[in-house]
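# Geometric and topological summary
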Amino acid sequence: MALKSGALWSIYMKFKPLFLMVLTQLGYTILYFITEASFNHGMNPYVYITYRHIVAGIVMFPFAYFLERKIRPKLTFALFVEIFILSLFGVGLTLNMYFASLRYTSPTFVASVVNTVSALTFVMAVVLRLEKLDVRNVRGIAKVLGTLVSLAGVTIMTIYKGPAMRNLGYPLIHIQGNNAIQEQWLKGSILTVASCITWSIWFIMQAITLKRYPAQLSLTTWMCFLGAAQSAFFTAIIEHNPAAWRIGFNIDFWSTIYGGVVVSGLIIFIQLWCTEKRGPVYVTMFNPVSTILVAILAYFVFGEKLSLGSLVGAAIVIIGLYMLLWGKEGDGEAQVKTEEQSFPTCDERREPKTQKHTSAENENDIATR
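Remember, it's a predicted structure, so these values are computed and weren't measured experimentally.

Cut-offs used in this document
- Throughout, residues of each chain are indexed from 1 in the direction in which the sequence is written.
- Confidence filtering applies because this is a predicted model: local features only for residues at pLDDT of at least 70, side-chain atom pairs given and counted only at 80 or more, and all residues used for totals across whole chains, interfaces and linings.
- Water and hydrogen atoms play no part in the side-chain values, which are based on all heavy atoms of the structure.
- Only DSSP runs of H or I with at least four residues qualify as helices, and only runs of E with at least two residues qualify as strands; both kinds are numbered from the N terminus onward.
- Working definition: with a 1.4 Å probe on protein chains only, accessible area under 20% of the residue-type maximum means buried, over 50% means exposed, and in between means partly exposed.
- We call two residues contacting when some pair of their heavy atoms lies within 4.5 Å.
- Areas reported here follow the Shrake-Rupley algorithm with a probe of radius 1.4 Å; residue values treat only the protein chains shown as occluding.
- We call a set of buried residues a nonpolar core when its members are Ala, Val, Leu, Ile, Met, Phe, Trp, Tyr or Cys and they connect through side-chain atoms within 4.5 Å of each other.
- For a helix, the expected span equals 1.5 Å multiplied by the residue count minus one.
- One axis is fitted to the seven residues ending at the residue and one to the seven starting there. The bend at that residue is the angle between these axes.
- For helices, the fitted line uses only the C-alpha atoms of the stretch in contact; every axis is such a line through C-alpha atoms, and the angle between N-to-C directions lies from 0 to 180 degrees.
- In these notes the angle categories are as follows: under 35 degrees is roughly parallel, over 145 is roughly antiparallel, 65 to 115 is roughly perpendicular, and the rest is oblique.
- Put simply, a crossing is left-handed when the front helix is turned counterclockwise from the back one by less than a right angle, and right-handed when it is turned clockwise.
- We call Asp, Glu, Lys and Arg charged. Ala, Val, Leu, Ile, Met, Phe, Trp, Tyr, Cys and Pro are nonpolar, and the rest, Gly among them, are polar.
- Salt bridge, as used here: a side-chain nitrogen of Lys or Arg that lies within 4 Å of a carboxyl oxygen of Asp or Glu.
- The criterion for an aromatic pair is that two Phe, Tyr or Trp rings (for Trp, the six-membered ring) have centres within 6.5 Å, with stacked assigned to planes under 30 degrees apart, edge-to-face to planes over 60 apart and tilted to the rest.
- Like-charged residues are merged into a patch within 9 Å and nonpolar side chains (Val, Leu, Ile, Met, Phe, Trp, Tyr) within 5 Å, provided each residue has over 30% relative accessible area and no salt bridge.
- Side-chain atoms alone can form a polar contact between residues adjacent in sequence; in general such a contact is a pair of N or O atoms within 3.5 Å, and within protein one must be able to donate a hydrogen while the other accepts it.
- pLDDT runs from 0 to 100 and stands for how confident the predictor is about each residue.

Looking now at the overall build of the protein. A count of helices and strands for the protein gives 14 helices and zero strands. Helices and strands appear in the protein in the N-to-C order α-α-α-α-α-α-α-α-α-α-α-α-α-α. Among the 369 residues that make up the protein, the fraction classed as buried is 45%. Taking contacts inside the protein between residues at least 6 apart in sequence as the whole, the part at least 24 apart equals 90%. About 19,900 Å² of surface is accessible on the protein, with carbon and sulfur atoms providing 68% of the total.

As C-alpha cells, this is what we get:
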C-alpha cells in the first residue's frame, strides 16, 4: 500500500507542472471573455489593469509575508530596480497594450497571436545566449523553422482577415460588442504583436530574477503593487475623466475581482513556479490550449464570427510552435547523454576489481609453479 501511494505521488509530482499549466490556460480563456464583456460595458482597460493588480497585491500579500518569511532574500536597491523593470514589462507595457488590442480585435485573434510568445522568447534567448542553437542538427533546424513558421502565421492573421464563417445557430450567450471600435483591426493587430514582444522579454527576465529572488509569492506581490502604480500613473496621463475610475457592482466589478485574484495573483504565481522548475519556454508552450478553448467557446457558445485569415494563421502558428518545441526537446536528450557519459557504467566500475582479481590469480599460479 505504501509503495502504491509512493508511486502515485511520484506520478503526481512528475505531471504537476503540466496540470497546473493547463489550469492556467483555462483561467486565461475565461479572462478573454469576461474582460471583453466588461470593456464593451464601458470599463476603461487602463483603469481595469490598475484595479486588478491592486486587488491581486492585497490578496497575495498575507501569503507572501507569512509563508516566505524565512526564505525571502533581502531586497537591495539593485534588486528593487530589477523587479520594477520586470513589473513594467509584465504589467505596465504588456497588459495595457494587450487589453487595448482586445477592444479593437477579438478574443480569438488575441489568443491566437499570443502563441508567438514561445517563438519570440526562443529568439531572444538565442540572442542573449541563454539558449543553445546548433543549425547542423535536425533539432536545431526545427527550432529555426518553427520560429519562422509561427511568425509567418501571425503575419497572415495581421494583414489578412478574409471572409467570415457563418455561425451554425444562435449563440447560447450574447456579449454585446462595439462594432465601431472593433473595425480598427490593423491598430489592434499592431498592439497585440507589440504586447507579445514585451511579454517575451518579461518571461526571459523572470528566469533571471528568480535566480536572485527565489520567492515566488513575494515576487508576485511586488509585481502586482508596482504594476498597479505604473498603470495608475499611465492612466492618469491619458484619462482625464474622473468618472472612468468609478465602477459599479456589475460585470466591471466581477471582471476586476477575477482578474486580480485568479489571473494576476494565482496564475502568475503558478507561472513563476513552473518557470523556476522547467524554464520560460515550457511555460509558453501551453498557449495553444487557450487558443483552442477560446475558438470553441467563441464560435459555439458566444456566436463570434471566425474569419478565414484567423483560422489559417492560427493553424500555422500552432504548427510552427510545436516544431519549435520538438527541436527544444532535443536539448533535454542531449543533456541526459552528457550526464551518462560523465559517469562510468556499472561494467566500467567493476572492471578494475576484475583486473585486480585476475592479477592476484596470476601471482598465485606463478607461486604454485
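Residues Tyr32 and Phe99 are the most contacted members of the largest nonpolar core, which totals 56 residues. Ranked by the residues each element gives to this core, the list is headed by helix α3 (residues 77–104), at nine residues. If we ignore the near neighbours within four places in the chain, the residues touching Tyr32 are Tyr98, Leu102, Pro107, Val110, Ala111, Val114, Ser290 and Val294. In this structure, Met97, Ala100, Tyr104 and Leu191 belong to the second largest nonpolar core, which totals five residues.

Time to look at α3. Along its 28 residues, α3 runs 39 Å from first to last C-alpha, staying within 8% of the 40 Å computed at 1.5 Å per residue. Along its length, α3 reaches its greatest deviation from straightness, about 40°, at Leu88.

The next subject is the packing of helix α9 (residues 216–238) against helix α10 (residues 251–278). The N-to-C vectors of α9 and α10 enclose an angle of 130°; their axes lie 9 Å apart at closest approach. Relative to α10, the element α9 lies oblique. Read as a crossing pair, α9 and α10 show a hand that is right-handed. Residues Gln216, Leu217, Leu219, Thr220, Met223 and Cys224 of α9 pack against Ser264, Gly265, Ile268, Phe269, Leu272, Trp273 and Glu276 of α10. In the contact of α9 with α10, the residues fall into eight nonpolar, four polar and one charged.

With that settled, the discussion passes to the pattern of salt bridges. Within the structure shown, the criterion is met by one salt bridge. Close ionic contact of Glu82 with Arg212 constitutes a salt bridge, the shortest N to O distance being 2.4 Å. Highlighted residues: Glu82 in helix α3 and Arg212 in helix α8 (residues 185–212), separated in sequence by 130 residues.

Let us look at the packing of helix α2 (residues 45–67) against α3. For the pair α2 and α3, the least separation of the axes is 9 Å and the interaxial angle reads 135°. The orientation of α2 with respect to α3, classified from their angle, is oblique. Between α2 and α3 the crossing geometry is right-handed. Facing α2, whose interface residues are Pro45, Tyr46, Tyr48, Ile49, Arg52 and His53, α3 presents Val91, Leu95, Asn96, Phe99, Ala100 and Arg103. Among the residues forming the contact of α2 with α3, the class breakdown is eight nonpolar, two polar and two charged.

Residue position: Ala295 is located in helix α12 (residues 287–301). Put simply, Ala295 and Ala111 are 184 residues apart on the chain and 8.6 Å apart in space, counted from C-alpha to C-alpha.

So, about the packing of aromatic side chains. In the structure shown here, the tally under the stated rule is 15 aromatic pairs. With 5.9 Å between their ring centres and 25° between their planes, Phe61 and Tyr65 make a pair best called stacked. Here Tyr65 and Phe61 lie together in helix α2, a separation of four residues that amounts to about one turn. Ring geometry for Trp202 versus Phe203: centroids 5.4 Å apart, planes at 50°, classification tilted. What makes Phe203 buried here is its relative accessible area of 3%.

Below, the discussion takes up a nonpolar patch on the surface. Together, Ile54, Ile58, Val59, Phe61, Phe63, Tyr65, Phe66, Leu67, Phe225 and Val261 make up a nonpolar patch on the protein surface, roughly 950 Å² of accessible area in all. Among the elements that make up the nonpolar patch, the one with the highest residue count is α2 (eight residues). Inspection of the secondary structure assignment puts Phe66 in helix α2.

Once that is clear, we can look at the side chain of Gln230. As for its position among the elements, Gln230 is in helix α9. A distance of 3.2 Å separates a polar atom in the side chain of Gln230 from the backbone nitrogen of Leu88. With near-sequence residues (within four places) excluded, Gln230 lies in contact with Phe84, Ser87, Leu88 and Gly92.

Turning our eyes to something else, we now look at α2. Its 23 residues place the ends of α2 33 Å apart at the C-alpha level, agreeing with the 33 Å of an ideal helix rising 1.5 Å per residue. Of all the bends in α2, the greatest reaches close to 35° and is centred on Met60; the proline Pro62 follows between one and four positions later. For α2, the N-terminal cap is Asn44; the gap from its side-chain oxygen to the backbone nitrogen of Tyr46 is 2.9 Å.

With 80% of its residues at a pLDDT of at least 70, the protein reaches an overall mean of 79. Predicted confidence is poor over residues 338–361, with pLDDT under 50, and the contacts of this stretch with residues over four places away or in other chains come to one contact. Below pLDDT 50 for its whole length, residues 363–369 participates in zero contacts with residues either more than four positions away or in separate chains.

Here we take up the environment of Phe99. Turning to its location among the elements, Phe99 is positioned in helix α3. Given a relative accessible area of 1%, Phe99 falls into the buried group. Each residue touching Phe99, except ones within four places of it in the same chain, is listed here: Leu31, Thr35, Phe39, Pro45, Tyr48, Ile49 and Arg52.

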